[in-house]
Amino acid sequence: MDPAIAFRVPPHEEPVIEVRVNFGVYAGRNATPAEIDDLAHQLRDEAPQFTITMEERHEFGNDRETSLRQVVIEVEKQSAGSDAAALAARIVAKANQWASDCIASRADLGELGTSF
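Residues numbered from 1 in each chain as written. Predicted model: local features only at pLDDT ≥ 70, side-chain atom pairs only at ≥ 80, totals over all residues. Heavy atoms only, no water.

**Q** If you had to explain the side chain of Ser79 to someone new, which residues and values would you point to?
**A** As for its placement among the helices and strands, Ser79 is situated in helix α3 (residues 77-80). Classification of Ser79 by relative accessible area gives buried; the value is 8%. If near-sequence neighbours (up to four positions away) are discounted, Ser79 is found in contact with Ala47, Pro48, Gln49 and Leu87. (Helix = DSSP H or I, 4+ residues; strand = E, 2+ residues; numbered from the N terminus. Buried < 20%, exposed > 50% of the residue type's maximum accessible area, 1.4 Å probe, protein only. Contact = heavy atoms within 4.5 Å.)

So, in structure tokens, the structure goes:
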């Protein structure tokens, strides 16, 4: 089974929905501001208010070094409606499709653009 590009973080108090998109793992780059705007347009019908953050994290330990580029979508409880699980599933599906489309649209990525 191929790993998902987007996944829901286990539910917690706030934000009630947190979806992480492993954009950099598959794209080898950060999402562009225009791509983030496209994602926001796609999510407008799902939740009245949400936050999208582009993260670049570097984690260091005794024998490891990690660089991670991901997109994080957060929805607070008051914007999630009565069925947060269903909303989260729709957001994950849209985020997966969005990331796949972004990556596929960049011909200069070679095999990364077609590995899904």
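**Q** Please provide a residue-by-residue account of the packing of aromatic side chains, values included.
**A** Throughout the structure, instances matching the rule amount to 1 aromatic pair. Where Phe23 meets Trp98, the ring centres are 5.3 Å apart and the plane angle is 35°; that geometry is what we call tilted. With Phe23 in helix α1 (residues 23-27) and Trp98 in helix α4 (residues 84-104), this residue pair connects regions lying 75 residues apart in the sequence. We classify Trp98 as buried; its relative accessible area is 2%. (Phe/Tyr/Trp six-rings, centres within 6.5 Å; stacked < 30°, edge-to-face > 60°.)

**Q** Would you mind going over helix α2 (residues 33-43) in detail, with residue names and values included?
**A** Structural remark: α-helix, 3.6 residues per turn; residues separated by three or four positions point the same way. Listed as buried for α2 are Glu35, Ile36, Leu39 and Leu43. Seen from one end, α2 has its buried residues packed into an arc of 100°, which puts them on one side. Buried residues in α2 make contact with α1, β3 (51-60), β4 (65-75) and α4. (Arc of directions from axis to C-beta.)

**Q** Hey, could you go over the pairing of β4 for me, with residue numbers and the actual values?
**A** Taken together, the 5 bridges between strand β2 (residues 17-21) and β4 define a ladder with antiparallel strand orientation. Its bridge partner being in β4, Val21 is matched across the sheet by Val71. Both β3 and β4 contribute to a ladder of 10 bridges, which runs antiparallel. Residue pairing in the sheet places Arg57 in a bridge with Leu68 of β4. (Pairing = 2+ DSSP bridges.)

**Q** I'd like a rundown of the sheet that holds β3, residues and numbers included.
**A** Read across the sheet, 4 strands follow the order β1-β2-β4-β3 without closing on themselves; strand pairing throughout is antiparallel. Among the strands making up the open sheet, the edge pair consists of β1 (6-8) and β3. On average, each strand axis in the sheet is inclined to that of its neighbour by 30°, with strand direction left out of account. The sheet strands contacting α4 are β1, β2 and β4, and the helix crosses β2 at an angle near 15°. (Axes fitted to C-alpha atoms, helices over the stretch in contact; angles between N-to-C directions.)

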